[in-house]
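# Coordinate analysis (summary)
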Amino acid sequence: MRHRATGLALLLAAALAATAVPATVAAAAPAAPADAPAVRPPHAAGPGTDHAADDPFTADRTNWFRQDRFGMFIHFGAYSNLEGEYRRPDGTTCRDAEWIKRQCDIPRDAYEKQAQNFNPADFDAKAVVKAAKDAGMRYIVITSKHHEGYAMWPTKVNDWNLRDHSSFDKDRDILAELKKASDDAGIELGFYYSIWDWHDKDFADPATFPAYEKRMYAQLKELVDTYDPALLWFDGEWDTDNPHNPWTAEHGERLEAYLRGLDPGLVINNRVGKRRVVDGDYGTPEQEIPGAPVDGQLWESCMTLNGHWGYARYDQDWKSAQTLTRNLLATTSRSGNYLLNVGPDARGRIPQPSVDRLRQMGDWLREDGQGQAVFGARYGGLVEEPSWGSVSRKGDTLYAAVTRWPAPGAALHLTARTAFTVRSARVLGSDQKVTVTKAGDGFDVRPAGAATDDTATVIELAVDPGPTARPGTGTGLKQEIFDNATLAGTPRITRTDATLNHAWKYTGSPAASIPADRFSIRWTGTVEPRRTETYTLTTVSDDMARVWIDGKLVIDSWTPHEPRLDKARVALTAGRRHTVRVEYAEQTGEAHLKLLWSAPGQEQQVIPRSQLHTR
Ligand code: FHN
């Protein structure tokens, strides 16, 4: 379960971790819409605001998300009542699931009329949570409001919701039921919330959008205050019409800051903004699994079990448990999460084919401790991803999940990405001998017996990852801030900056005395790696950034740009202090600068304060 540290404690801890003297309270939220519901006094917005409260790659706040790896997505709404089919007045049938109102051009009154008959009386939160637990899932994200605008909780903001506009028991609250069942089972609960709203009449017109925005803030405050979700999964942020979507990155900045002011412990996805590397805590690839760890952000792949998110009676094209389990292993081996969807029917029941596949996944995870390859595990790092399966890592153990078992006597080759040794190896669930020999660019792993499971057989390798120095005693880099965009003249402020982890966005800046536009910064000092390896340095920047290591320009992104990633590979030596110089300039608009590193033996993270020195 996640920490429920107090908001202030989290903020101060993050501020102290993220900045050195003076410790500034990071993540001060710019004002919510002028007439948004009264909440904790909105923090001062504007110059001096830095929204980067912590580094999602290492924060306590995101730890449960990075460890749990596997969640259940639930698409459940008034659309579920149609079960994927709408019979038009002319007798023709139109098919879709959660998009059925729009794709089948159902008139507003007809859609409201069908919703009035919605009665998910068989929704059983305990059964839903059991299905998740049986699968090995550690968190649940349910649609609280999809594009149709229909709230699945008794919102006071409008009467277009399951309490006020259905045939459902008016004494029930399915989100409250799910919250209790999740808490009782030790499962984290999050809510999906669509920004795009087809029902609210103020949504599409930019002139009336603020009125919708106020109602959206009020609903989100209801959700946070009433059900204490661990995570908010935004959607419907993209530019589109029918109806027009006015949502912008500025809206996203305000909303994200508002929510972090409501609950600093929240985990929020990148669709709170415009689905970019600078929005929220993690990226959200959909119906696909990235081929490698994602640069600059945590990530979670969401996927359907068949071809639809919402329930569609006619869609019986279910993915196999083998495919789904292998997807989970591939996702974990690239430091990603897997959010697998179920769509309850009109009565609120999860389709049996979904339940069956999820249980089969859980059976594999529970068998012989094979779930160790997933829970708490991450990118293998030390080796290249093999063609015969996937490799995840947890501490000094690699888990090779083999999906193509070698012929008798043949070897599984692991290509090393750095110097390390293998102490021992065993097949989970078998006492067969496994020999590991150095071979060419890595190791040959020869199991003596047969595979234990045709979905995947896990070979556990105890490894010595090679020397890793203790954390340093750094305090950060020297930071010179100029109140111009050209690093000209005398710096307005000179101080120590604990880590290069900044999200000033549209309204913020490095200090109250520095305007939100046209400022520049130079950082100098040394960086002290803990391992001798080839590191990948990554900048996330807007507008301009460049990085020198040991006097060599390794990242040159010195032309104004939207938020973007730049990378460089540099050989660093443990214990040595490599000189580093970073220059940054903000012209106008958004302002972001993060400097991360990763290496075969180093997980991706913002370079921590302990490894940065002012000289
Ligand atoms: O339009 C939605 C869709 O209905 C579904 O909710 C997916 C799940 O992430 N998100 C949007 C499509 O990207």
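Our subject is the structure listed above.
The structure contained in this document is the topic of the report that follows. (Residues numbered from 1 in each chain as written. Predicted model: local features only at pLDDT ≥ 70, side-chain atom pairs only at ≥ 80, totals over all residues. Heavy atoms only, no water.)

Attention shifts here to the sheet that holds strand β17 (residues 442-447). With antiparallel pairing, the three strands of this open sheet are ordered in space as β14-β17-β16. Each edge of the sheet is formed by a strand with only one pairing partner; in this case those strands are β14 (412-415) and β16 (434-439). Across the sheet, the mean angle separating the axes of adjacent strands is 25° when strand polarity is ignored. As paired elements, β14 and β17 share four bridges and run antiparallel to each other. Residue pairing across strands places Thr415 opposite Gly442, the latter belonging to β17. (Pairing = 2+ DSSP bridges. Helix = DSSP H or I, 4+ residues; strand = E, 2+ residues; numbered from the N terminus. Axes fitted to C-alpha atoms, helices over the stretch in contact; angles between N-to-C directions.)

In the region of the ligand, 15 residues are neighbours, and His75, Glu98, Trp99, His147 and Asp235 sit closest. Separating an oxygen atom of the ligand from a side-chain N or O atom of His75 is a distance of 2.7 Å. Within the complex, the protein chains bury 91% of what would otherwise be the 330 Å² of accessible surface of the ligand. Of the residues contributing to the shell around the ligand, the split by class is seven nonpolar, three polar and five charged. (Near = heavy atom within 4 Å. Polar contact = N/O pair within 3.5 Å; in protein donor to acceptor, adjacent residues only side chain to side chain. Areas by Shrake-Rupley, 256 points an atom, 1.4 Å probe, with all protein chains shown as cover. Nonpolar A, V, L, I, M, F, W, Y, C, P; charged D, E, K, R; others polar.)

Inspection of every chain in the model, using the stated rule, returns one disulfide. What pairs with Cys94 in a disulfide is Cys104, and their sulfur atoms sit 2.0 Å apart. Given an S-S torsion of about -80°, the disulfide between Cys94 and Cys104 has left-handed geometry. Of this pair, Cys94 sits in strand β3 (residues 93-95) while Cys104 sits in the loop between α3 (100-103) and α4 (108-116), placing them 10 residues apart in sequence. (Disulfide = S-S within 2.5 Å.)

This part covers helix α10 (residues 352-366). With 15 residues, α10 should reach 21 Å at 1.5 Å per residue; the first-to-last C-alpha distance of 21 Å fits that figure. Residues Ser354, Val355, Arg357, Leu358, Met361, Gly362, Trp364 and Leu365 constitute the buried set of α10. Those residues of α10 hidden inside the fold are in contact with β1 (70-74), α5 (125-135), α9 (321-332), β10 (336-342) and β18 (457-464). Among the residues trailing α10, Asp368 stands out with phi positive, at a value near 55°. (Expected span 1.5 Å × (residues − 1). Buried < 20%, exposed > 50% of the residue type's maximum accessible area, 1.4 Å probe, protein only. Contact = heavy atoms within 4.5 Å.)

We now examine the layout of surface pockets. Any space left empty among the atoms is revealed by the rolling of a water-sized probe across them. Here the largest pocket is characterised by a volume of approximately 860 Å³. Lining the largest pocket are 41 residues; nearest its centre among them are Pro293, Ser335, Tyr379, Ser598 and Gln604. The set of elements that each furnish at least two residues to the lining of the largest pocket consists of α2 (63-68), β9 (298-304), β11 (378-379), β12 (389-394), β23 (533-542), β26 (564-572), β28 (592-599) and β29 (602-606). Of the residues in the lining of the largest pocket, the class split is 12 nonpolar, 16 polar and 13 charged. (1 Å grid on protein atoms, 1.4 Å probe; cavity = no way out; pocket = protein on both sides within 12 Å on 5 of 7 lines; lining within 4 Å. Points joined across faces, edges and corners; volume = space filled by probe spheres on them.)

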